[in-house]
Amino acid sequence: MMKSLKVPYVPMLDELELKHAAERMETEALRQSVDVVNWDEYPYKPVVAFDIARGERDLYLHYFVRGLSLRATADEDGAYVHPDSCVEFFMRRTEEMFYTNFEFNCIGTCLAARGTTRNEREPFTADEYRRIRRYTTVQREAFAEKTGIHEWELTVAIPFELMGLDASSLPDMIRGNFYKCADETANPHFVTWSPVALPSPDYHCPGHFGEIRF
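Just so we're clear, the structure is a prediction, and the values are computed from it rather than from any experiment.

Caption draft 1: Seen up close, empty space enclosed by the protein. A complete count under the given rule lists 1 cavity of 30 Å³ or more for this structure. Along the wall of the largest cavity there are 13 residues; nearest its centre are Leu68, Ser69, Ser85, Lys180 and His189. Elements that contribute at least two residues to the lining of the largest cavity include exactly strand S5 (58-72) and strand S11 (143-159). Here the residues of the lining of the largest cavity are counted per class, giving 6 nonpolar, 6 polar and 1 charged.

Here it is as structure tokens:
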């Protein structure tokens with residue numbers, strides 16, 4: 001069943017450093033779980049939640065993760081981050097076929113692009129990447145997989161403009177989904193916020209996005 005959420009407006013959030021924005025979101029944002037296991041062949045489910053809120057200019061996401069293994073081999077924006085310990089946000093305007101993917105590994109490296117399908121995508125420019133603010137509790141340097149149980153948090157602020165939205169006149173609703181994966185770790189997993197009814201793992205599926213209301 002498709003999920004729906006309403007994004008709270010938190011005044012002055014854009015004026016705070018991300019670390020302090022995350023602290024404010026603890027009491028004023030909406031918290032949701034990423035806990036849907038859609039594919040039986042990948043049963044592992046780490047503990048994953050996110051806080052979501054908006055300021056005047058940006059959408060804020062604060063992810064919490066606890067689970068087996070930690071990996072961050074991608075350290076330059078635009079590199080593939082899904083093999084690492086990774087959280088993702090996909091969105092599209094309700095009237096458009098284009099959708100945008102924002103993917104982050106645990107050290108804050110980002111892969112973002114726009115397009116109509118998985119293979120027909122336009123990557124973000126270096127300037128667009130610079131506009132996505134990030135704060136992580138993991139030291140920002142690449143490393144190979146670390147085994148055992150690890151906890152980490154990542155806060156990101158994504159300008160509405162980069163989502164194709166007018167911050168001064170947001171639509172009533174967009175569609176999107178929130179994901180957690182770690183394709184090339186010892187415990188690969190593919191968990192989602194809103195269910196994905198497909199036979200194999202696939203996050204590039206705007207037909208299965210949930211509702212994100214403003």
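Back to the text.
Caption draft 2: Up close: the packing of aromatic side chains. Within this structure, the stated rule accounts for 15 aromatic pairs. Look at phenylalanine 90 and phenylalanine 209: their rings are 6.5 Å apart centre to centre, the planes differ by 85°, and that puts the pair in the edge-to-face class. Placement of the pair is phenylalanine 90 in strand S6 (residues 86-93) and phenylalanine 209 in the loop between strand S13 (190-192) and strand S14 (210-213), with a sequence separation of 119 residues. One exposure class covers both phenylalanine 90 and phenylalanine 209, and it is buried.

Caption draft 3: Quick look at helix H1 (residues 18-28). Among all positions of H1, only Leu18, Ala21, Ala22 and Met25 are buried. Down the axis of H1, the buried side of the element spans an arc of 100°, and every buried residue falls inside it. Turning to H1, the residues buried within the fold contact strand S4 (47-54), S5, strand S10 (133-136) and S11.

Caption draft 4: Main features of the side chain of lysine 180. As for its placement among the helices and strands, lysine 180 is situated in strand S12 (residues 173-181). Among buried charged residues, lysine 180 stands out as having no salt bridge; its nearest opposite-charge side chain is aspartate 183, 8.1 Å away. A distance of 2.9 Å separates the side chain of lysine 180 from the side chain of histidine 189, its partner in a polar contact. Once residues within four sequence positions are removed from consideration, lysine 180 is found in contact with Val34, Pro46, Val48, Val65, Ser85, Cys86, Val87, Trp152, His189, Phe190, Val191 and Tyr203.

Caption draft 5: Representation of the nonpolar core in the model. Counting 54 residues, the largest nonpolar core has Phe50, Phe89, Phe102, Met163 and Phe178 as its most contacted members. Elements represented by at least two residues in this core include exactly S4, S5, S6, strand S7 (99-105), strand S8 (110-115), S11, S12 and S13. Broken down by element, this core gets its largest block of residues, 6 residues, from S5. Leaving out residues up to four positions away in the same chain, phenylalanine 102 has contacts with Val87, Glu88, Phe89, Phe90, Met91, Leu111, Ala112, Phe124, Ile132, Ile158, Leu162 and Met163. Counting 9 residues, the second largest nonpolar core, distinct from the first, contains Leu13, Ala21, Met25 and Ala157.

Conventions we followed
- Residues numbered from 1 in each chain as written.
- Predicted model: local features only at pLDDT ≥ 70, side-chain atom pairs only at ≥ 80, totals over all residues.
- Heavy atoms only, no water.
- 1 Å grid on protein atoms, 1.4 Å probe; cavity = no way out; pocket = protein on both sides within 12 Å on 5 of 7 lines; lining within 4 Å.
- Points joined across faces, edges and corners; volume = space filled by probe spheres on them.
- Helix = DSSP H or I, 4+ residues; strand = E, 2+ residues; numbered from the N terminus.
- Nonpolar A, V, L, I, M, F, W, Y, C, P; charged D, E, K, R; others polar.
- Phe/Tyr/Trp six-rings, centres within 6.5 Å; stacked < 30°, edge-to-face > 60°.
- Buried < 20%, exposed > 50% of the residue type's maximum accessible area, 1.4 Å probe, protein only.
- Arc of directions from axis to C-beta.
- Contact = heavy atoms within 4.5 Å.
- Lys, Arg positive; Asp, Glu negative; His and termini not counted.
- Salt bridge = Lys/Arg side-chain N within 4 Å of Asp/Glu carboxyl O.
- Polar contact = N/O pair within 3.5 Å; in protein donor to acceptor, adjacent residues only side chain to side chain.
- Core = buried A, V, L, I, M, F, W, Y, C linked by side-chain atoms within 4.5 Å.

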